[in-house]
Structures are given as structure tokens and as C-alpha cells.
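For reference, the chains in residue letters:
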Amino acid sequence: MPKCDYPDCREEGETISRLSPEGFLVATGNKAYSFREAYKRFHYCAGHHDELMKSVWNRVRSTDGKGDDHVAPTAI
């Protein structure tokens, strides 16, 4: 099983996500015909996946910082 993609984590990455460790979707750069092909995959241990999801949802619910150019995880 792949290792967790969270920086400095050595746990097994049991959860697959399209969110980067910073909480954003990262394009593959390839011509894509589906969501699966359009964005890179990351692996996370359970603890870091929970932490990532909490931070993303807090950011989405917050009224601050909506002017950046990043695609929200709920936009797709």
C-alpha cells in the first residue's frame, strides 16, 4: 500500500483523495474526459485525511479568502 502523501508522515495511505495536502484540486495537465483523469490522486492515512477534510470544510464555510483562484472541492 502507498505511503500517506501528507508531509513527513510514514503511515500507510489507506484513503484515496483528489485533494492535495494543501486542500486543493491539482490538475494532471492531461487532456481529460472525466473527473478521474483531470485531477491527481493522493493517498492519506485516516488521521491526516480527517484533518484535511476538516480544514477544507472550515475554509469552504468561512467567508474570508473567497477571491483566490483555486477551485473549491465542492465546485465539481
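Just so it is clear, the structure is predicted and the values come from calculations on it, not from any experiment.

Considering the confidence of the model for the protein chain
Okay, so step 1: Per-residue confidence for the protein chain gives a mean pLDDT of 86, with 82% of residues at or over 70.
Okay, so step 2: Across the protein chain, element-level confidence peaks in strand 2 (residues 42-44) with a mean pLDDT of 97 and bottoms out in helix 1 (residues 35-38) with 87.

Some points on the side chain of Ser-17
Okay, so step 1: Within the element layout of this structure, Ser-17 appears in strand 1 (residues 15-17).
Okay, so step 2: At a separation of 3.0 Å, a polar atom in the side chain of Ser-17 contacts the main-chain amide nitrogen of Leu-19.
Okay, so step 3: If we ignore the near neighbours within four places in the chain, the residues touching Ser-17 are Lys-40, Arg-41, Phe-42, Tyr-44 and His-49.

Quick notes on unusual backbone geometry
Okay, so step 1: Despite not being glycine, Asp-8 shows a phi value in the positive range, around 65 degrees.
Okay, so step 2: Here Asp-8 lies in the segment before strand 1.

A short note on the packing of aromatic side chains
Okay, so step 1: Under the counting rule described, the total for this entry stands at 2 aromatic pairs.
Okay, so step 2: Ring geometry for Phe-35 and Tyr-39: centres 5.3 Å apart, planes at 50 degrees, overall tilted.
Okay, so step 3: The class for Tyr-39 is buried, based on a relative accessible area of 16%.
Okay, so step 4: Both rings, one in Phe-42 and one in Tyr-44, keep their centres 6.5 Å apart while their planes meet at 25 degrees; by these two values the pair is stacked.

Digging into the environment of Pro-21
Okay, so step 1: Relative to the helices and strands, Pro-21 is located in the loop between strand 1 and helix 1.
Okay, so step 2: In sequence terms Pro-21 and His-49 are 28 residues apart; their C-alpha atoms lie 9.0 Å from each other.
Okay, so step 3: Ignoring anything within four residues of it in the chain, the contact list for Pro-21 reads Asp-5, Tyr-6, Pro-7, Phe-42, Tyr-44 and Leu-52.

Rules used in this analysis
Numbering of residues starts from 1 in every chain and runs along the sequence as written. Predicted model: local features are reported for residues with pLDDT of at least 70 only, side-chain atom pairs are reported and counted for 80 or more only, and whole-chain, interface and lining totals are derived from all residues. Only hydrogens and water are removed before side-chain values are computed, so all heavy atoms of the structure are retained for them. Every residue gets a pLDDT, meaning the predictor's confidence in that residue, from 0 to 100. The way it works is that DSSP assigns letters per residue, a run of H or I at least four long becomes a helix, a run of E at least two long becomes a strand, and they are numbered from the N terminus. N or O atoms closer than or at 3.5 Å make up a polar contact, with two conditions inside protein: a donor-capable atom paired with an acceptor-capable one, and, for residues adjacent in sequence, both atoms drawn from side chains. Note on contacts: a residue pair is in contact if any heavy atoms of the two residues lie within 4.5 Å. Note on ring pairs: Phe, Tyr and Trp rings are taken, using the six-membered ring of Trp, and paired if centres are within 6.5 Å. Classes follow the plane angle, with under 30 degrees stacked, over 60 edge-to-face and the rest tilted. Only protein chains enter the calculation, and the probe is 1.4 Å; a residue is then buried if its accessible area is under 20% of its type maximum, exposed if over 50%, and partly exposed in between.

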